[in-house]
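The lines below spell out each chain.
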Amino acid sequence: MVTLAEVAQHAGVSASTVSYVLSGKRSISAATRQRVERSIRELGYHPNAGARALAGKRSNIVALMVPLRTDMYVPVMMEIAIAVATTARAHGYDVLLLTGEEGPDAVRRVTGSGLADAMILMDVQLEDERLPLLLGTGQPSVLIGLPADTAGLTCVDLDWSATGALCVEHLAGLGHRDIAVIGEAPAVYERHTGFAERTLDGVRSRARETGVRVLHRPCEGGYDALALTLARIFDERPGTTGFVVQNESAVEPLLALLRQQGRAVPEDVSVVAICPDQVAVQASVRLTSVAIPAPEMGRQAVERLVAKLDGRGGDEVVLLTPELTVRASSGPAPAAP
């Protein structure tokens, strides 16, 4: 990486002269300025954090950490990312997208190099290993997600506990007493990813309150994996009449398998999904669902990050209220034989 000192040597001037050219803080002769600018171009120099600090400028870049894992539903992640990018642009910021699974190394690289003025983290785990390092840097940041301990953090998320509770409440109100939750891939729970764990907590809590039995089965998604999961559910709980699905790739295979087994939706079995509205309305049976407000999550995160950068924002947890839309996939529990 080319340094400011190397630019100064190439241009035949002092390092302070290069800094003044970059910052515009002092008057520099046209000839000297042109010589420095030519050296910058020829060497491919990009001001680092120190040069920007000397210039009293920001990078006007926000880093967005969004690991694109194969066990996550990427369209939702990208919908949030697009909302982050468009909202940031409206405030004069560009977005640096970090899609690898580097964890703390990525935080260290961004904060150490001065690539960005602030960070937004997604795919937050309950005990997220990125957070101690992030808190130690003091760099403005916002999480789209909720760790177990939110002290000193600003977080924006859907209220996943309330989401799980809302699904159970709806099915219990229709008379369903045995409910199965078809969850995300097992790796999502092994990582203790916040949204999945909190949804399950909400489901179980409301189930206890309403006297509903719940069976939770993670699933990779796809037809073959879902066939095995569904067979296991009906083997263990033959009286299951309600399903909560938190796995977009399992939605259509579930509906197809229920049809093959002669179980009509919603006459025999009711299905409630936690998914984007597009997935719910385009399914072979229009699904009763709780929508994931991805654009609002992204927008709110940026608004709070910009407030922090402007010295107006403090630490807070913002939970968006879930909304359930009733469609064709849920109905009264069938009468007991």
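Definitions and cut-offs
- Residues numbered from 1 in each chain as written.
- Predicted model: local features only at pLDDT ≥ 70, side-chain atom pairs only at ≥ 80, totals over all residues.
- Heavy atoms only, no water.
- Salt bridge = Lys/Arg side-chain N within 4 Å of Asp/Glu carboxyl O.
- Helix = DSSP H or I, 4+ residues; strand = E, 2+ residues; numbered from the N terminus.
- Buried < 20%, exposed > 50% of the residue type's maximum accessible area, 1.4 Å probe, protein only.
- Pairing = 2+ DSSP bridges.
- Domains from an automatic or database assignment.
- Contact = heavy atoms within 4.5 Å.
- Arc of directions from axis to C-beta.

1. Observations concerning the pattern of salt bridges
- Taken as a whole and assessed by the stated rule, the structure comprises 15 salt bridges.
- A salt bridge links Asp71 to Arg191, with the nearest nitrogen and oxygen atoms 2.9 Å apart. Of this pair, Asp71 sits in the loop between strand E1 (61-65) and helix H5 (74-90) while Arg191 sits in the loop between helix H9 (186-190) and helix H10 (194-210), and the two are 120 residues apart along the sequence. We note that Asp71, like Arg191, is buried.
- The partner of Glu316 in a salt bridge is Arg304, with the nearest N and O atoms 3.1 Å apart. Separated by 12 residues along the polypeptide, Glu316 in the loop between helix H14 (294-309) and strand E11 (317-320) and Arg304 in helix H14 bring together distant segments of the chain.
- In this structure Glu316 comes out as partly exposed when scored by relative accessible area, which is 34%.
- Note on Arg304: relative accessible area 21%, which makes it partly exposed.

2. Looking at the pairing of strand E3 (residues 118-121)
- Judged by which residues are buried, E3 turns out to be covered on both faces: Ala118 and Ile120 on one side and Met119 and Leu121 on the other are all buried.
- Of the pairings in the sheet, the one linking E1 to E3 comprises four bridges and is parallel in character. Paired with Val62 across the two strands is Ala118, which belongs to E3.
- With three bridges joining them, E3 and strand E4 (residues 141-144) adopt parallel strand pairing.

3. Looking at the sheet that holds strand E8 (residues 242-245)
- Within the open sheet, the six strands sit side by side as E7-E6-E8-E9-E10-E12. Their pairing is mixed. Single-partner strands in this sheet number two, and they are strand E7 (213-218) and strand E12 (324-325).
- The sheet contact formed by E8 and strand E9 (residues 270-274) spans four bridges and is parallel. Following the sheet pairing, Val245 is matched in E9 by Ala273.

4. Side note on the domain arrangement of the chain
- In terms of domain boundaries, the chain breaks down into domain 1 (4-55), domain 2 (61-158 + 294-321) and domain 3 (160-292).
- For domain 1 and domain 3, the distance between their C-alpha centres works out to 60 Å.

5. Quick word on the environment of Val110
- Looking at the element boundaries, Val110 is found in helix H6 (residues 104-113).
- What makes Val110 buried here is its relative accessible area of 0%.
- Taking the C-alpha atoms as reference points, Val110 and Leu96, 14 residues apart in sequence, are found 9.7 Å from one another.
- Apart from the residues within four sequence positions on either side, Val110 is in contact with Ala63, Leu98, Leu115, Ala116 and Met119.

6. A closer look at the pairing of E11
- Burial along E11 is one-sided: Val318 and Leu320 are buried, while Val317 and Leu319, pointing the other way, are not.
- In terms of strand pairing, strand E5 (residues 155-158) meets E11 through four bridges, oriented parallel. Across the sheet, residue Val156 finds its bridge partner in E11, namely Val318.

7. Some words on helix H1 (residues 4-11)
- For H1, every residue scored as buried is listed here: Leu4, Val7, Ala8 and Ala11. One side of H1 holds all its buried residues, which, seen down the axis, span an arc of 100°.
- Once H1 finishes, Gly12 follows within two positions and takes phi at roughly 75°, a positive value.

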